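The lines below spell out each chain.
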Amino acid sequence: MKMFKGNRNLEEIIQIAKDKNWEVDIEDFDKGGDWIWIRDLHDRLLQVVFNTFNGHFLVYSPVSDRPIATHLSKELDDKDWYNELLHMFYEDKKEELSSDNLKSSIV
């Protein structure tokens with residue numbers, strides 16, 4: 001399972017989603033909810049609901065009433081569309097430099 005530093009802020013998520021041609025729906029959030037929707041019903045054929053409070057998400061296909069993936073679907077780590085979602089919602093974990101790593105990177 002991939003590890004991440006934490007959730008991205010909402011503005012970053014919206015910008016990344018739009019840059020990657022997802023439709024962003026924040027209507028529920030604007031009404032006081034914790035959820036936003038991102039959709040691509042043309043290329044990816046996915047609808048994703050993301051909880052802005054806890055960082056959980058559910059992925060739906062247009063033909064299913066049940067989620068096909070969640071934030072815990074580690075078996076999908078090798079799927080491009082799933083990785084795109086993980087990197088959209090979560091900040092990458094940066095490798096911390098130990099003093100030994102720092103010395104070797106300077107030399």
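Residues numbered from 1 in each chain as written. Predicted model: local features only at pLDDT ≥ 70, side-chain atom pairs only at ≥ 80, totals over all residues. Heavy atoms only, no water.

**A short note on the nonpolar core**
Right, so step 1: Within the largest apolar cluster, 21 residues are counted, with the highest numbers of intra-cluster contacts made by Trp-22, Ile-38, Val-48, Phe-57, Leu-85, Met-88 and Phe-89.
Right, so step 2: For this core, the elements supplying multiple residues, two or more each, are helix H1 (10–19), strand S3 (35–40), strand S4 (46–51), strand S5 (57–60) and helix H3 (80–89).
Right, so step 3: Tallying contributions element by element places H3 first for this core, with 5 residues.
Right, so step 4: Dropping the residues within four chain positions of it, Met-88 is found in contact with Arg-8, Ile-13, Ile-16, Ala-17, Trp-22 and Ile-38. (Core = buried A, V, L, I, M, F, W, Y, C linked by side-chain atoms within 4.5 Å. Buried < 20%, exposed > 50% of the residue type's maximum accessible area, 1.4 Å probe, protein only. Helix = DSSP H or I, 4+ residues; strand = E, 2+ residues; numbered from the N terminus. Contact = heavy atoms within 4.5 Å.)

**Digging into the pattern of salt bridges**
Right, so step 1: Applying the stated rule across the entire model yields 7 salt bridges.
Right, so step 2: A salt bridge links Arg-8 to Glu-12, with the nearest nitrogen and oxygen atoms 3.7 Å apart.
Right, so step 3: Classification of Glu-12 by relative accessible area gives partly exposed; the value is 30%.
Right, so step 4: Of the charged contacts in the structure, one is a salt bridge between Lys-31 and Glu-27, with a shortest N-O distance of 3.1 Å.
Right, so step 5: Glu-27 gets classed as partly exposed once you look at its relative accessible area, which sits at 46%. (Salt bridge = Lys/Arg side-chain N within 4 Å of Asp/Glu carboxyl O.)

**Thoughts on the sheet that holds strand S6 (residues 69–70)**
Right, so step 1: One open sheet accounts for 5 strands, arranged S2-S3-S4-S5-S6; its pairing is antiparallel. In this open sheet, the two strands that pair with only one neighbour each are strand S2 (23–25) and S6.
Right, so step 2: Bridge analysis of S4 against S5 gives 4 bridges, and the strand direction is antiparallel. Bridge pairing links Val-48 to Val-59 in S5.
Right, so step 3: Here H3 sits on the sheet in contact with S3, S4, S5 and S6, set at roughly 150 degrees to S5. (Pairing = 2+ DSSP bridges. Axes fitted to C-alpha atoms, helices over the stretch in contact; angles between N-to-C directions.)

**A closer look at unusual backbone geometry**
Right, so step 1: Its identity as a non-glycine residue notwithstanding, Asn-21 has a phi of 65 degrees, on the positive side.
Right, so step 2: Topologically, Asn-21 is positioned in the loop between H1 and S2.
Right, so step 3: The backbone phi angle of Leu-45 is positive, close to 55 degrees, even though this residue is not glycine.

**Concerning the confidence of the model for the protein**
Right, so step 1: Counting all residues, the mean pLDDT for the protein is 88, and 85% of those residues have values of 70 or more.
Right, so step 2: Per-element averaging of pLDDT across the protein places helix H4 (residues 99–106) at the bottom with 45 and S5 at the top with 98.
Right, so step 3: Note that residues 96–107 has pLDDT below 50 and, in this model, 3 contacts with residues that lie over four places away or in other chains. (pLDDT = per-residue confidence, 0-100.)

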